[in-house]
Amino acid sequence: MSGDVDQDAVLQARNVLLSSARLTRRQEVEAYRVLAKVSPASYAPKLANALIHLSFDDSLRELPEARLDLYREAVDAARRLDESDPRHAEVLLDALKWYQSGLFELGRRPEALTVGEERAGISRRAVDADPDAPLWSGLTLWAHSLAEEGRHAEAAELLEEFVRHSRPGGAQSGGFAWSLIEWCAEAEAAGLRETALVAAQELVELERGELALGQTSLTSLLLALLRQAELYDGYGQRDAASAALDEAATLLAELAANGEPKVWSGYQFTYWVVLFGLSGRAAELPAPGRPGPALGAYVRNWAPDLRERHFAELPALREAVERAEDPADRVAAHRKLTIRSALHSELHRGNRFLEPVLPLFDEGVSLTRRLGDEALSARALFDRASALAAGYRYADAYADFQEAQRLRNSCDMREVRALPASRDPQR
């Protein structure tokens, strides 16, 4: 024991922790601060954890600088653990995660990215030593940061590595569907067409397999198929898109007739809103050199500064819709508003999560119908159908879906009739 440590303080700290009285978070932190100096192997991890929990205290809710000080101290505590300690990487990764989040919240993005890169390095060394170690978080969150910085190819590469390692049943298999969605999103953003399609197909196959085992919902498979169809359409593969939509229609007809076999809480709304957010990527491209949210990642995993900025623009988006004089411009602005509002609802939703955003979908359908554009009307109806399905309103969703398919098929037939004779697919 170090000679410069107050022995009375050590004894008092131990007595506090042994006391039968319920301790406040601050009392815990003070006790661990003393004991971590004399026994870091035993108390440094506890101090780091207690500091992070203290940051949740209501008195610090509006004090981001004070929370950042706690996170910095938690990192310092984690570093006291010897690197040979098997807990070292896990404790340090967790402390650095919160420190990075605090830096993001304060707009200190370059520093936050430096911390993220350090986390990625720690994770890389840990998983290189033991591929089954549950320490991939530094790499996956670094992929999010790369995505936010527009470095999509690098993000896609990291996420593909994680996906390939985390097959269902493996050490990292929890939340595998989310990993596939993120990988697909970053591959698409990077222009890696074939990779994006492979990821989308793998997502569909995963949902089919888990549905057969009773481990996912019909709605999740439906939403995966809609994502796949959207990609196919975007890449000009209309027949493949139609096949995915036909399968989705069959599932939705079953849901309309019988509902879900079992209740899946609000999970399917989260699943839907992440995929729906991806459908608006083209309208959300940030200016060169400016970071943007990692669409495809869960909203709460976005960097706090980007999340706050993204949703602070909602009133301006509503004004843009109202100011748009050209009907087509108004439709485009309204869809952007709808997608952002749906993503925002994920942060604040309760049991009635659909009600705040459904009027926007109704308005979108009305706008496209007044415009008289069948293709845009089909998209607005597909949008509303997916939202209604996420909200358990399957009969209404199926009615929209059927109308959307009719409009889509009508557009396809007109395109075929307009082809020159040499390009007619029947010749």
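Residues numbered from 1 in each chain as written. Predicted model: local features only at pLDDT ≥ 70, side-chain atom pairs only at ≥ 80, totals over all residues. Heavy atoms only, no water.

By the naming in an unreviewed UniProt entry, the protein goes by Tetratricopeptide repeat protein and is assigned to Streptomyces sp. R35.

Helices and strands together make up the secondary structure of the protein, namely 19 helices and zero strands. Dimensions of the protein along its principal axes, counting C-alpha atoms only, are 95 × 45 × 45 Å. Looking at the protein as shown, the accessible area adds up to about 20,700 Å², and 50% of this sits on carbon and sulfur atoms. Charged side chains in the protein number 51 positive and 67 negative. The centres of these two groups are separated by 3 Å. (Helix = DSSP H or I, 4+ residues; strand = E, 2+ residues; numbered from the N terminus. Areas by Shrake-Rupley, 256 points an atom, 1.4 Å probe, with all protein chains shown as cover. Lys, Arg positive; Asp, Glu negative; His and termini not counted. Charge placed at Lys NZ, Arg CZ, Asp CG, Glu CD.)

The next thing to look at is unusual backbone geometry. Phi is positive for Tyr-392, which is not a glycine, with a value near 70 degrees. Of note, Tyr-392 is situated in the loop between helix H18 (374–390) and helix H19 (394–418). Judged by its relative accessible area of 34%, Tyr-392 falls in the partly exposed class. (Buried < 20%, exposed > 50% of the residue type's maximum accessible area, 1.4 Å probe, protein only.)

Let us now look at the environment of Glu-247. Mapped onto the fold, Glu-247 is located in helix H12 (residues 238–258). A relative accessible area of 27% places Glu-247 in the partly exposed class. Spatially, the C-alpha atoms of Glu-247 and Leu-222 are 8.1 Å apart, while their sequence positions differ by 25 residues. Not counting residues up to four positions away in its chain, the partners in contact with Glu-247 are Arg-208 and Leu-225. Looking at Glu-247, its side chain comes within polar contact range of the side chain of Arg-208, at 2.7 Å. (Contact = heavy atoms within 4.5 Å. Polar contact = N/O pair within 3.5 Å; in protein donor to acceptor, adjacent residues only side chain to side chain.)

Turning to the confidence of the model for the protein, a few remarks are in order. For the protein, mean pLDDT is 89; residues scoring 70 or higher make up 92% of the total. Predicted confidence is poor over residues 170–174, with pLDDT under 50, and the contacts of this stretch with residues over four places away or in other chains come to 13 contacts. (pLDDT = per-residue confidence, 0-100.)

Another aspect to go through is the packing of aromatic side chains. On inspection of all chains with the given rule, the structure shows 13 aromatic pairs. On the numbers, 6.1 Å between centres and 35 degrees between planes, the contact of Tyr-32 with Tyr-43 is tilted. Note that Tyr-32 is positioned in helix H2 (residues 25–38) and Tyr-43 in helix H3 (residues 40–54), a separation of 11 residues in sequence. On the basis of relative accessibility, which here comes to 13%, the residue Tyr-32 falls in the buried class. Judged by relative accessible area, which is 17%, Tyr-43 ranks as buried. (Phe/Tyr/Trp six-rings, centres within 6.5 Å; stacked < 30°, edge-to-face > 60°.)

What follows deals with helix H6 (residues 109–129). Owing to its 3.6 residues per turn, the α-helix aligns residues three or four sequence positions apart on the same side. Taking 1.5 Å of rise per residue, 21 residues should cover 30 Å, and H6 covers 30 Å from first to last C-alpha, within 8% of that figure. Every buried residue belonging to H6 is among Arg-109, Ala-112, Leu-113, Val-115, Gly-116, Arg-119, Ala-120, Ile-122, Ser-123, Ala-126 and Val-127, and all of these are buried. In this structure, the buried residues of H6 make contact with helix H5 (88–105), helix H7 (137–148) and helix H14 (304–312). (Expected span 1.5 Å × (residues − 1).)

A full pass over the atoms with the stated rule returns 33 salt bridges. The residue Asp-128 makes a salt bridge to Arg-124 at a minimum N-O spacing of 3.7 Å. With Asp-128 and Arg-124 both in helix H6 and four residues apart, this pair spans about one turn of that helix. When its relative accessible area of 24% is taken as the criterion, Arg-124 is described as partly exposed. For Asp-400, the salt bridge identified is with Arg-384, shortest N-O distance 2.6 Å. (Salt bridge = Lys/Arg side-chain N within 4 Å of Asp/Glu carboxyl O.)

You can see Glu-157 is positioned in helix H8 (residues 152–165). In this structure the C-alpha to C-alpha distance between Glu-157 and Ala-387, which are 230 residues apart in sequence, comes to 31 Å.

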